[in-house]
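Now for the letters of each chain:
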Amino acid sequence: MARMPGAAWRPVINRTPSGRTEQRGLVLHVQDGRNSPYGWFNDEDSEASSDFWVSTSGRIEQYVDTGSDRAWAQGAGNRAYASVETEGYPDEPLTDAQIEGVAQIYAWGARLWGWPLQVIDSTTGRGLTFHGAGGAAWGGHPDCPGEIRKAQRGAIIARAAELLGKPTPAQPSPPASSYPSWPGRYISLRSPFMRGDDVRQWQQRMRDRGWRIDVDGVFGPQSAGVAHAFQAEKGLDPDSILGPATWAAAWTAPLT
Ligand SMILES: [Zn+2]
């Protein structure tokens, strides 16, 4: 029995008992919808399920006995990988609460089965991969979970490492078509002010977007003000903190 502490246990009929044969890691999905998929997963006509779902507020639901039963999320990838659906749509970044929830799942799997703290774009390796990586054999969902959420896997692994008390692993650089990964730290207005190349990179991006901001690598009151106004404009939590969602939005949100 492998039920995750902290997850709501909601067993569904769509599963293959004792169908998991390996524990290679976790596959990230996007729900492309809102609210719990429990009813859909518990309807035999849907022929779908996943191990987990994480809501935008961070609620975790677990639908099958992970590690024993096979969920039906990713075709040929179901035998070897657990799966997590994430509420929302591909053009929306994971919320900070979702990153926390997926990181908790990952840390749990790392403890139980030794899932390595690494991002992979593979169907054979061990780590945190994504649905689209499996192509037709995994059901043919190339846009699951989409470039935005794919690029947030580094933040998930960094947080999982933190939960496990391990150093943050080095992340591979994102593909040129993507945007820079969130640096893995929450940048906020503190005394002394937080500074660094990540701050400078974000400032440059905001300036490119048309904001009046100094590109000095120091997150002072001016930067905090820009962050706050940007968050308010984009419907993000206006906390003036550069977390994963605010960071991602700097590159992905439409110019207005
Ligand atoms: Zn998927």
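Residues numbered from 1 in each chain as written. Predicted model: local features only at pLDDT ≥ 70, side-chain atom pairs only at ≥ 80, totals over all residues. Heavy atoms only, no water.

**Student:** Give me the domain arrangement of the chain: which residues, what numbers.
**Tutor:** How big an interface is tends to be stated in terms of accessible area lost as the parts join. Each assigned domain of the chain is listed here: domain 1 (8–163) and domain 2 (194–252). A straight line from the C-alpha centre of domain 1 to that of domain 2 covers 30 Å. Taken residue by residue, the interface counts seven residues in domain 1 and five residues in domain 2. Buried surface at the junction of domain 1 and domain 2, summed over both partners, amounts to about 420 Å²; 74% is from carbon and sulfur atoms. Taken together, domain 1 and domain 2 are joined by one residue pair in polar contact (both at pLDDT 80 or more). Partitioned by chemical class, the residues of the side of domain 1 that touches domain 2 number five nonpolar, one polar and one charged. (Domains from an automatic or database assignment. Contact = heavy atoms within 4.5 Å. Buried area = accessible area lost by both parts, 1.4 Å probe. Polar contact = N/O pair within 3.5 Å; in protein donor to acceptor, adjacent residues only side chain to side chain. Nonpolar A, V, L, I, M, F, W, Y, C, P; charged D, E, K, R; others polar.)

**Student:** Tell me what's going on with the coordination of the zinc ion, and back it up with residues and numbers.
**Tutor:** For the zinc ion, every protein donor is listed as His29 (ND1), His131 (ND1) and Cys144 (SG), and the spread of their distances is 2.0 to 2.3 Å. For the zinc ion, the single-chain donor residues occur in sequence as H-x101-H-x12-C. A residue pair is termed long-range when its members are at least 10 positions apart, and His131 in the loop between strand S6 (127–130) and helix H3 (147–150) and Cys144 in the loop between S6 and H3 qualify at 13 residues. In this structure, His131 and Cys144 share a single accessibility class: buried. (Donors = N, O, S within 2.8 Å, 3.2 Å for Na, K, Ca; no water. Helix = DSSP H or I, 4+ residues; strand = E, 2+ residues; numbered from the N terminus. Buried < 20%, exposed > 50% of the residue type's maximum accessible area, 1.4 Å probe, protein only.)

**Student:** Before we move on, can you summarise the packing of helix H5 (residues 197–208) against helix H6 (residues 221–234) with the specific residues and values?
**Tutor:** The interhelical angle for the contact between H5 and H6, taken along N-to-C directions, is 55°, at an axis separation of 12 Å. Accordingly, the angle class assigned to the pair H5 and H6 is oblique. Taken as a pair, H5 and H6 cross one another with a handedness that is left-handed. Side by side, H5 and H6 meet where Trp202, Gln203 and Met206 of the first sit next to Ser223, Val226, Ala227 and Phe230 of the second. (Axes fitted to C-alpha atoms, helices over the stretch in contact; angles between N-to-C directions. Parallel < 35°, antiparallel > 145°, perpendicular 65-115°, else oblique. Left-handed = near helix turned anticlockwise from the far one by under 90°.)

**Student:** Please provide a residue-by-residue account of the pattern of salt bridges, values included.
**Tutor:** Within the structure shown, the criterion is met by 13 salt bridges. The closest approach of N and O atoms between Arg15 and Asp69, which form a salt bridge, is 2.6 Å. Note that Arg15 is positioned in the loop between strand S1 (8–9) and strand S2 (25–28) and Asp69 in the loop between strand S4 (60–62) and strand S5 (81–86), a separation of 54 residues in sequence. Using a relative accessible area of 8% as the deciding quantity, one classes Asp69 as buried. A salt bridge links Glu147 to Lys150, with the shortest nitrogen-to-oxygen separation between them at 3.1 Å. Taken as a pair, Glu147 and Lys150 lie in helix H3 at a separation of three residues, close to a single helical turn. One salt-bridge network, in which partners are shared between bridges, spans Arg10, Arg59 and Glu61. (Salt bridge = Lys/Arg side-chain N within 4 Å of Asp/Glu carboxyl O.)

**Student:** Quick one: what's the story with the side chain of Gln23, residue by residue and with numbers?
**Tutor:** The topology assignment puts Gln23 in the loop between S1 and S2. A distance of 2.7 Å separates polar atoms of two side chains, one belonging to Gln23 and the other to Arg20.

**Student:** Summarise a negative patch on the surface; cite the residues concerned and give the values.
**Tutor:** Together, Asp43, Glu44, Asp45 and Glu47 make up a negatively charged patch on the protein surface. The exposure class assigned to Glu47 is exposed, which follows from its relative accessible area of 60%. (Patch = residues over 30% accessible without salt bridge, like charges linked within 9 Å, V, L, I, M, F, W, Y side chains within 5 Å. Areas by Shrake-Rupley, 256 points an atom, 1.4 Å probe, with all protein chains shown as cover. Lys, Arg positive; Asp, Glu negative; His and termini not counted. Charge placed at Lys NZ, Arg CZ, Asp CG, Glu CD.)

**Student:** How would you summarise unusual backbone geometry if you had to cite specific residues and measurements?
**Tutor:** Between Cys144 and the following residue, Pro145, the backbone shows a cis peptide bond with an omega angle of 0°. For Pro145, the location among the structural elements is in the loop between S6 and H3. Notably, Ser18 is not glycine yet its phi reads approximately 55°, a positive angle. You can see Ser18 is positioned in the loop between S1 and S2. Even without a glycine there, the phi angle at Asn35 is positive, about 75°. With relative accessibility at 55%, the residue Asn35 sits in the exposed group.

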